[in-house]
Every structure is written in C-alpha cells, then in structure tokens.
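# Examining the three-dimensional arrangement
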Amino acid sequence: MKPLRADARRNRAKVLQVAYEVFAAEGLGVPIDEIARRAGVGAGTVYRHFPTKEALYRAIVVDRVEHLVAQARELAASREPGAAFYAFFDLMTTEGATDKGLADALAGEGIDIADVMPELERAFKEALRDLLERAQAAGTVRADVTVADVKTLMVGCQAMQRYGGDAPPARVLDVVREGLRP
C-alpha cells in the first residue's frame, strides 16, 4: 500500500475528527453522507478511506481506546494505586457521558469491541485489571470486585450521567465509589 498524498492525509484526518465529534455528540445513527458534508468533503472521499460506516467507527474507536489505555498506564505509573484507579474510573465516567460513541462501544452497541477488535478489548481490560489489582492490593478497593464489575459500573455511570435522573450525577458517583471501597 503506497503512502497517501498530503491532501488525502488531510482529508482522512478531517473526516476522522468530524466523525469522532458527530459520533460523540449524536451516536452512531448519523449517516456517512452527513459526516462528509460536515467535513467539507464528498461522500466518495469518505468511502475511499473508510469503505463502510463500521470501518470509520472502528478507526475512531481504536484511536479512543488506545488513548484510554495509555491514560490508564500513565495513571498507574504516576499515582498511588487507589488514586489512580478512582481517577481512571472518574475519567471513564466523564468521557463516556460526553462521548456517546465511546459509551456505545464500551456497552457493545453499534460495534462489539470484544468481537471485532479482541486485541483492543484485551488491552483495555488489562490496563483496567492492573489499576484494579493495584488498588485492591493497597486496600482501597474491595477484594471481591472484578474487572467485569468495574466495566459494568462505568457503563452504568456513563448512561446515568448522559440521561440524567433524579439524583445529581456527583451524588451517584459518590455512592458507586463508596460501594467499591472495602
């Protein structure tokens, strides 16, 4: 595969950025033609780089999850175990509340990361497991909590923040954090 021309690289980057913003704000229901319009390119340009909506979404999810894995590793290296775990939990909850595409991906909607990109799902779970096990060893998270429990709580908190409810989001997050403590 030969390298892309400079204008093609710029168009691809522009499409990815616009698609990320659109999927984050509106979810996966936005048509490719609308993404192309908002990016200021033709639909053919989008399809040359991403033959399907799934391919476009996959490129965005790969970028976002790789970024989150890097953040988890950076937190593990720079903070105390409990602080790192709870900072990542808060980050995931906040990001998922404002990034509908990411929240959908973590919940297995639109694209099931575990089926389509198992290596990416594995890297995310390994980073989360590292944070969790370090926090458990430090006595700041209950020993019986699993990675699946934490991921489920993250997805639930993301949905709660996105859709609101009677309790203020900060209050619910405090309750969840308290439930994770030993």
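Summary of the structure given here. Predicted model, so just to flag it, every value in this text is computed and none were measured.

Before going further, it helps to spend a moment on the overall build of the chain. On a plain count of helices and strands, the chain comes out with ten helices and zero strands. If you list the helices and strands of the chain from N to C, you get α-α-α-α-α-α-α-α-α-α. When the 182 residues of the chain are sorted by exposure, 40% land in the buried category. Within the chain, contacts between residues at least 6 apart in sequence are counted, and of these 68% link residues at least 24 apart. For the chain, the exposed area adds up to about 9,400 Å²; of that, 52% sits on carbon and sulfur atoms.

This part takes up the nonpolar core. Ile35, Leu56, Phe85 and Phe88 are the most contacted members of the largest nonpolar core, which has 48 residues in total. Among the elements of the structure, helix H1 (6-26), helix H2 (32-39), helix H4 (53-78), helix H5 (81-98), helix H8 (118-137), helix H9 (147-163) and helix H10 (169-180) are those that each provide at least two residues to this core. Sort the elements by how many residues they give to this core and H4 lands first, with ten residues. Sequence-distant contacts of Phe88, that is, excluding residues within four places in its chain, are made with Leu68, Ala72, Leu75, Phe124, Leu128, Leu131 and Met154.

Moving on: the pattern of salt bridges. The full count for this structure, using the stated rule, is eleven salt bridges. With a closest N to O distance of 2.6 Å, Arg37 and Glu34 form a salt bridge. Of this pair, Arg37 and Glu34 both sit in helix H2, three residues apart, which is roughly one turn of the helix. Judged by relative accessible area, which is 55%, Arg37 ranks as exposed. By sharing partners, the salt bridges in this structure join Glu26, Glu34, Arg37 and Arg38 into a single network.

Now for the side chain of Arg177. Considering the arrangement of structural elements, one finds Arg177 in helix H10. Overall, the relative accessible area of 15% leaves Arg177 in the buried class. A distance of 3.0 Å separates the side chain of Arg177 from the side chain of Asp90, its partner in a polar contact. Ignoring any residue separated from it by four or fewer positions in sequence, one finds Arg177 in contact with Tyr86 and Asp90.

Here we take up H1. End to end, H1 covers 30 Å across 21 residues, agreeing with the expected 30 Å (1.5 Å per residue, within 8%). Of the residues making up H1, those classed as buried are Ala8, Val15, Val18, Ala19, Val22, Phe23 and Ala24. Downstream of H1 by one or two residues, Gly27 has phi in the positive range, about 85°.

Further remarks concern the packing of aromatic side chains. By the definition in use, this model includes four aromatic pairs. Ring pairing ties together the aromatic residues Phe85, Tyr86 and Phe89, which thus form one cluster.

Direction vectors running N to C along H1 and H2 enclose 120°, while the axes themselves pass 9 Å from each other. Relative to H2, the element H1 is oriented oblique. Crossing of H1 over H2 shows right-handed handedness. Contacts from Lys14, Val15, Val18, Ala19, Val22, Phe23 and Glu26 in H1 reach Ile35, Arg38 and Ala39 in H2.

Cut-offs applied
- Residues numbered from 1 in each chain as written.
- Predicted model: local features only at pLDDT ≥ 70, side-chain atom pairs only at ≥ 80, totals over all residues.
- Heavy atoms only, no water.
- Helix = DSSP H or I, 4+ residues; strand = E, 2+ residues; numbered from the N terminus.
- Buried < 20%, exposed > 50% of the residue type's maximum accessible area, 1.4 Å probe, protein only.
- Contact = heavy atoms within 4.5 Å.
- Areas by Shrake-Rupley, 256 points an atom, 1.4 Å probe, with all protein chains shown as cover.
- Core = buried A, V, L, I, M, F, W, Y, C linked by side-chain atoms within 4.5 Å.
- Salt bridge = Lys/Arg side-chain N within 4 Å of Asp/Glu carboxyl O.
- Polar contact = N/O pair within 3.5 Å; in protein donor to acceptor, adjacent residues only side chain to side chain.
- Expected span 1.5 Å × (residues − 1).
- Phe/Tyr/Trp six-rings, centres within 6.5 Å; stacked < 30°, edge-to-face > 60°.
- Axes fitted to C-alpha atoms, helices over the stretch in contact; angles between N-to-C directions.
- Parallel < 35°, antiparallel > 145°, perpendicular 65-115°, else oblique.
- Left-handed = near helix turned anticlockwise from the far one by under 90°.

Treat this as a map of the structure, not an account of what it does.
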